[in-house]
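Notes for the structure review
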Amino acid sequence: MLDALKFFLFVILLLVTIMLNQHVTSKRSAELDLELLWQIQDTKGVYVIQNQTVPSGVYTALEQSMVIGSLLEEYNDVNTSWVGETDWTYRTNLSCLAEDYKYVLLTFHGVDTFASVSLGEQLLGTTENMFVRYRYDVKQLCDGDTHELRLQFRSPVVEARERAKDRALPIVPTCPPDVYHGQCHVNLIRKMQASFAWDWGLSAPSMGIWKPIRLEYYSSALIRDLTVVISELEVNGSERWSIAVRVYLETGLASAQVHGLLTFKIIGVPFLNEADQTLAVTNKTNEHGELLVEHGLTVARNAVERWWPNGYGKQTLYSLYVRWEDEAVNGVKLPNPDTMISEKVIRIGFRTVQLSQERATDGLMFYFKVNDVPIFAKGSNWIPSSVLPERSYDSNYVKFLLYAARDAHMNMLRVWGGGLYESDHFYRLADELGLLIWHDLMFACSMYPSEPDFLRTVQEEVRQNVRRIQHHPSVAVWATNNENEVALRQNWYKTNANYTAYYTQYVELYVRTVLPTVEANDPWRTVLLSSPSNGDQSLKERFIATNPQDPRYGDVHYYNYFLDGWNAAQYRGGRFVSEYGFQSFPAYTSWPEARSYRQAELSQLINHRQHSPLGNAPILTMIELNLPLPRDPSADGYWPELIYLSQLSQAMIVKTETEVYRARRVEHGTMGALYWQLNDVWIAPSWSSIEYGGTFKLLHVWLRDIFAPEHLVAFVNERRQLEVVAVRDTLQPDVQLWDVELRIHRYGSFRLVERIRQERIRVPANTVELVSTWDVYGHLAKQGLHPADHLVLLYAYLHPADGLPSQPAPQPIAENFALLDKLKNIRQEQRVQPTVSISVVSAVCSEQSNLTSVSLEVSVSAPALFVYLQLTPENSTLKQCQFSRNGFLQFQPVRTVQLTCVDPGCRNKIQARDITVRTVNELLVR
């Protein structure tokens, strides 16, 4: 009875721990977060900042103590550049007691970047890679006395500069373009590459302790990582899942004998073979105190549910529990047996992912199959949620961004190679939300060194991070770098003069170091050498393809800034478009400076933050090609108007391009569209769909339709015909019957010109179907109608089942529009100025969630083009406000829109006067 009670209590404790999503650790053998108060000061002692907690960074500490203003406001990116060129010291007091523990280690999970670590008078070691975990044996120093724990940071800017000296072959690019206002030689150090500035981000050469510090106490072995390889198999007609588990044990920092028992459980799932539950281990750790133990588990296929990407099914996850128990625990009575026990829980998903590259008539295909189902990858590119690494641990903001991706029907994000290996929280959320992860290793847009010391730290970086991330079912593929293959082949950085030398470095780093290290630690996934690349074809061409952007192979990055991006005929696509996009400006109300700056001052600031070497010219060119362009930068209202038009233009360009890619799934074999980029690190011109802080640009609101699982695509193709395509990503039912309606409208009237209907269109699951190719221009000409005065609104409905009684007017399953000419060409008689009014129908705020939800009615006296709603600046305490629809065409007198905001304390009461409205109409009639 007592044993049964003990077991029951153990299971309760385990389940509670799993629900809290924490590692299971016993009461004596422990990993303790050091929640200490730190002092930070520069080497001269001019700035002394007290009571700082981890995670921490120097910029954040200086901001909080008001030594500097916000890094993200005004010109503080350059005004505070001295911070990154100064050495800093972190210090705190640490008292610990080794007692009878065999191992006591001080473990730093993330130090940014160059630091000497001392405890008391003893130098424990040095750090040089912000992505690496550093462990130090402090058993002898844990004597009960108080010792100063000290990290002396060296400037990463100075360190990079020193490493660049006297190099026979410069590592290029040596510096970013001047317009970045950045620092040089970031490619020589293992630090977030974007922290020295990028074309979308500021320079912030951070320093600090950006991840937790832990004291690890134990007396036998510690489970550091668990990885899995999950595959389907059939044995004698029995369908099963095989789970190959790798357990990485540690015994301090030196070799030691281990004798004990590993216990395995998948909570709620029985093993087919009960003997799989335990594995006796008698072995010896290596000279670094590490041991890999491999074990196989099998479960019946019908005992678990599959994990699916967003839109294809549920994201079912299971808890895999592994326990290490030293044989001494049951041998003799020990005073503290728990010191010889280590436990860990990870969440796993039962799914298969395959990157298919089978032969096609004109090259190789390139697409993902999940659970044997071809997936059209819809999504975006993820950059760090903050330019300061310690702030990337803001779990609420990361959650907000990932939910925004999920809610826009995305099923894949690409973690870009100039940022970070993200937090555990990020990958857990991706698992829960069904967001597949294309994961670059952290190398981007550069050549890199290949000296032994550099390769050594890179190998450790890759080994540690792949092991940490590997078990997450959301991770679909690895790529060893971003754009480095294409940069070398296309001579981006004038490498042709020394091509052989740079090629040798490339092969040494990626082919001989990164690639095999990833494969050794994750045999479950494909590893690509670069993005973009020709996939398998690049390997056949000695790792550097003749044309890494060949649309017949692999993935492509496509940007074109001066062809008309609103014109669908210019897009061909490729097998998988992993980057594409266009810039816009953040909302006028998102600029804090807009409240105090004059127009000329705001223009200067926006130009300062525009890091693209092309400047604002692409944005202005696209507006001028398609829309009425404001001409006088000194005029009141210039920037609010230009910002609105830039966001409309960006949304139209990405909409057009994405819909062409979705429509060309069969014709061109296009199976992925990941636009650049989801998020931002400051308020600045960029390619993002979500501004820094969480405001949706028009693009992100539109993405709910652009990426909808059932969508109706319409565009004017290269033959000047209106091409209409039904798109289905859904798997059930096998076939749907759609009725499609095209409505031709004049811009100046609610009255319909013509309705054309096609019924019983057969649309199979998980593919696209051509609805029609229509000579709309010839059709209008026959009726004496001018294309510039008209547009087409499209609606798709499920065809009513035969034999059923008539139903009320059905709701469309998809809506879209097609422009037949440029908006700026609308003729005078169709240029109307509607009266637009907003009324608040209802408003509710939940004090529990701090969410306020407002129902609005938008009323117009005539058709309104691309209605743009914004909250006034006076509502600045409201956060992450989102309209359910924005930038919409309104061809009916009344439309309902929902507004949702985070309103801490429910203090605000939103009224109609708090919302401003813009339309293209008001610019056309001016």
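As the structure is a computational prediction, the values presented were derived from the model and not from experiment.

1. Thoughts on the overall build of the protein chain
Broken down by element type, the protein chain carries 17 helices and 48 strands. Relative to its length of 926 residues, the protein chain is compact, with a C-alpha radius of gyration of 29 Å against a globular reference of 29 Å. Across its three principal directions, the C-alpha atoms of the protein chain cover 95 × 75 × 65 Å. In the protein chain, which comprises 926 residues, the share counted as buried stands at 60%. Contacts in the protein chain between residues far apart in sequence, at least 24 positions, make up 74% of those at least 6 positions apart. Summed over all atoms, the accessible surface of the protein chain reaches about 35500 Å², with 49% contributed by carbon and sulfur.

2. Observations concerning the pattern of salt bridges
Here the structure, examined in full by the defined rule, presents 56 salt bridges. Taking the shortest distance from any N to any O, the salt bridge between Arg167 and Glu451 comes out at 2.7 Å. Linking Arg167 in the loop between helix H5 (156-164) and strand E11 (196-198) with Glu451 in the loop between strand E29 (436-440) and helix H8 (452-469), this pair joins segments that are 284 residues apart in sequence. Residue class for Glu451 comes out partly exposed when judged on its relative accessible area of 32%. Of the charged contacts in the structure, one is a salt bridge between Glu508 and Arg512, with a shortest N-O distance of 3.2 Å. Remark: Arg512 and Glu508 occur in helix H10 (residues 499-521); sequence separation between them is four residues, near one turn of the helix. On the basis of relative accessible area, Arg512 is assigned to the exposed category, the value being 56%. Counted as one network, the salt bridges with shared partners bring together Arg135, Glu216, Arg224, Glu250, Glu290, Glu460 and Arg463.

3. Observations regarding the packing of aromatic side chains
Enumeration over the complete set of coordinates arrives at 42 aromatic pairs. Taken together through their ring pairs, the aromatic side chains of Trp198, Trp200, Trp416 and Trp676 make up a single cluster. Residue placement shows Arg190 over the ring face of Phe443; its charged tip is 4.1 Å from the ring centre. One Lys or Arg, Lys655, reaches over the ring of Phe817 and ends 4.5 Å from the middle of that ring.

4. So, the packing of H8 against H10
H10 packs onto H8 with a crossing angle of 30° between their chain directions and a minimal axis gap of 9 Å. The pairing of H8 with H10 is recorded here as roughly parallel in orientation. In this structure, H8 crosses over H10, and the sense of that crossing is right-handed. The residues of H10 that touch H8, namely those facing Phe454, Leu455, Val458, Gln459, Val462, Arg463, Val466 and Arg467, are Glu508, Leu509, Thr513, Val514, Thr517, Val518 and Asn521. Residue composition of the contact of H8 with H10, grouped by class: eight nonpolar, four polar and three charged.

5. Re the state of the cysteines
Between two cysteines, a covalent bond joining their sulfur atoms is known as a disulfide. Enumeration over the complete set of coordinates arrives at four disulfides. The side chain of Cys845 participates in a disulfide bridge whose partner is Cys906; the two sulfur atoms lie 2.1 Å from each other. Handedness of the Cys845-Cys906 disulfide follows from its S-S torsion of about -80°: it is left-handed. Note that Cys845 is positioned in strand E42 (residues 836-846) and Cys906 in the loop between strand E47 (894-902) and strand E48 (915-918), a separation of 61 residues in sequence. The partly exposed category is assigned to Cys845, whose relative accessible area is 27%. Note on cysteine connectivity: Cys881 is disulfide-linked to Cys901, with sulfurs 2.2 Å apart. Across the disulfide from Cys881 to Cys901, rotation about the S-S bond amounts to roughly 120°, and the bridge is consequently right-handed. Of this pair, Cys881 sits in strand E45 (residues 879-883) while Cys901 sits in strand E47, and the two are 20 residues apart along the sequence. Grouping residues by exposure puts Cys881 and Cys901 together as buried.

6. Notes on the nonpolar core
One finds Leu151, Met410 and Phe866 to be the most contacted residues of the largest nonpolar core, which totals 189 residues. Top element by residues in this core is helix H14 (residues 638-663). It accounts for 14 residues. Sequence-distant contacts of Phe866, that is, excluding residues within four places in its chain, are made with Tyr644, Leu648, Trp702, Phe817, Leu823, Gly887, Phe888, Leu889, Arg918, Thr919 and Val920. By size, the runner-up hydrophobic cluster in this structure holds 30 residues, among which are Ala221, Val228, Tyr318 and Ile346.

7. Examining the UniProt feature "domain: Beta-mannosidase-like galactose-binding" (unreviewed entry) in the protein chain
When the UniProt feature table is mapped onto this chain numbering, "domain: Beta-mannosidase-like galactose-binding" (unreviewed entry) sits at residues 38-211. In the segment residues 38-211, helix accounts for 14% and strand for 36%; the C-alpha atoms at its two ends are 14 Å apart.

8. With respect to the sheet that holds strand E10 (residues 143-153)
The sheet built from six strands is open, its strands ordered E3-E2-E4-E10-E7-E8 with antiparallel pairing. Edge positions in the sheet fall to strand E3 (48-52) and strand E8 (122-127), since each of these pairs with one other strand and no more. Neighbour to neighbour, the strand axes of the sheet diverge by 20° on average, direction disregarded. By the bridge criterion, five bridges tie strand E7 (residues 115-119) to E8 in an arrangement that is antiparallel.

9. As for the pairing of E47
The alternating pattern of E47 places Arg895, Val897, Leu899 and Cys901 on a buried face and Val894, Thr896, Gln898, Thr900 and Val902 on a face that is not buried. Where strand E43 (residues 851-860) and E47 come together, nine bridges link them in antiparallel fashion. Directly across from Glu857, in E47, lies its bridge partner Thr896. Pairing of E45 with E47, which is carried by three bridges, proceeds in the antiparallel orientation. Each residue of the ladder has a partner; that of Gln882, found in E47, is Thr900.

10. Details of the confidence of the model for the protein chain
Averaged over all residues, the pLDDT of the protein chain is 94; the fraction at 70 or higher stands at 96%. This model gives residues 13-27 a pLDDT under 50, and the stretch forms 25 contacts once residues within four places in sequence are excluded.

11. Section: H14
Here H14 contains 26 residues, and its C-alpha end-to-end distance of 37 Å stays within 8% of the 38 Å for a straight helix at 1.5 Å per residue. Where burial is concerned, most of H14 is hidden: 26 out of the 26 residues are buried.

12. Brief notes about the side chain of Ser219
Among the secondary structure elements, Ser219 is positioned in the loop between strand E14 (213-218) and strand E15 (222-235). A polar atom in the side chain of Ser219 sits 3.1 Å from the backbone nitrogen of Lys102. Apart from the residues lying within four places of it in its own chain, the contact partners of Ser219 are Asp100, Tyr101, Lys102, Tyr103, Thr339 and Met340.

13. Quick notes on the sheet that holds strand E41 (residues 814-819)
Hydrogen bonds between backbone atoms are what pair the strands of a sheet, whose relative direction is either parallel or antiparallel. Taken together, the four strands give an open sheet; going across it, the order is E38-E37-E40-E41, and neighbouring strands pair in antiparallel fashion. Of all the strands in the sheet, just strand E38 (752-764) and E41 have a single pairing partner and so form its edges. Between one strand axis and the next, the sheet turns through 20° on average, direction left out of account. As paired strands, strand E37 (residues 735-746) and E38 are joined by 10 bridges and run antiparallel to one another. Residue pairing across strands places Gln736 opposite Val763, the latter belonging to E38.

14. Focus on the environment of Asp705
With respect to the helices and strands, Asp705 occurs in helix H15 (residues 698-706). Among the residues examined, Asp705 registers a relative accessible area of 28% and is labelled partly exposed. Taking the C-alpha atoms as reference, Asp705 lies 8.2 Å from Asn816; in sequence the two are 111 residues apart. At a separation of 2.4 Å, a polar atom in the side chain of Asp705 contacts the side chain of Arg885.

15. A look at the environment of Pro170
Within the element layout of this structure, Pro170 appears in the loop between H5 and E11. A residue is classified by how much of its surface remains accessible, and Pro170, at 37% relative accessible area, is partly exposed. It is 18 Å that separates the C-alpha atoms of Pro170 and Gly182, two residues lying 12 residues apart in sequence.

16. Points about the side chain of Gln183
By the secondary structure assignment, Gln183 is in the loop between H5 and E11. Those residues in contact with Gln183 that sit more than four places away from it in its chain are Ser81, Glu85, Val157, Pro176, Phe196, Ser203 and Pro205.

17. Quick word on helix H6 (residues 395-407)
Counted at 1.5 Å a residue, the expected span for H6 with its 13 residues is 18 Å, and the 18 Å between its end C-alpha atoms agrees. Inspection of H6 places Tyr397, Val398, Phe400, Leu401, Leu402, Ala404 and Ala405 among the buried residues, and these make up the whole buried set. Tucked inside the fold, the buried residues of H6 contact strand E27 (377-382), strand E28 (412-415), helix H7 (424-433), H15 and E45. Immediately beyond the C-terminal end of H6, within one or two residues, lies His409, with a positive phi of roughly 70°.

Reading the values: the criteria
- Residues numbered from 1 in each chain as written.
- Predicted model: local features only at pLDDT ≥ 70, side-chain atom pairs only at ≥ 80, totals over all residues.
- Heavy atoms only, no water.
- Helix = DSSP H or I, 4+ residues; strand = E, 2+ residues; numbered from the N terminus.
- Rg over C-alpha atoms; globule rule 2.2 N^0.38 Å.
- Buried < 20%, exposed > 50% of the residue type's maximum accessible area, 1.4 Å probe, protein only.
- Contact = heavy atoms within 4.5 Å.
- Areas by Shrake-Rupley, 256 points an atom, 1.4 Å probe, with all protein chains shown as cover.
- Salt bridge = Lys/Arg side-chain N within 4 Å of Asp/Glu carboxyl O.
- Phe/Tyr/Trp six-rings, centres within 6.5 Å; stacked < 30°, edge-to-face > 60°.
- Lys NZ or Arg CZ within 6 Å of the ring centre and 35° of its normal.
- Axes fitted to C-alpha atoms, helices over the stretch in contact; angles between N-to-C directions.
- Parallel < 35°, antiparallel > 145°, perpendicular 65-115°, else oblique.
- Left-handed = near helix turned anticlockwise from the far one by under 90°.
- Nonpolar A, V, L, I, M, F, W, Y, C, P; charged D, E, K, R; others polar.
- Disulfide = S-S within 2.5 Å.
- Core = buried A, V, L, I, M, F, W, Y, C linked by side-chain atoms within 4.5 Å.
- UniProt positions renumbered as here; feature names shortened; annotations may be inferred.
- Pairing = 2+ DSSP bridges.
- pLDDT = per-residue confidence, 0-100.
- Expected span 1.5 Å × (residues − 1).
- Polar contact = N/O pair within 3.5 Å; in protein donor to acceptor, adjacent residues only side chain to side chain.

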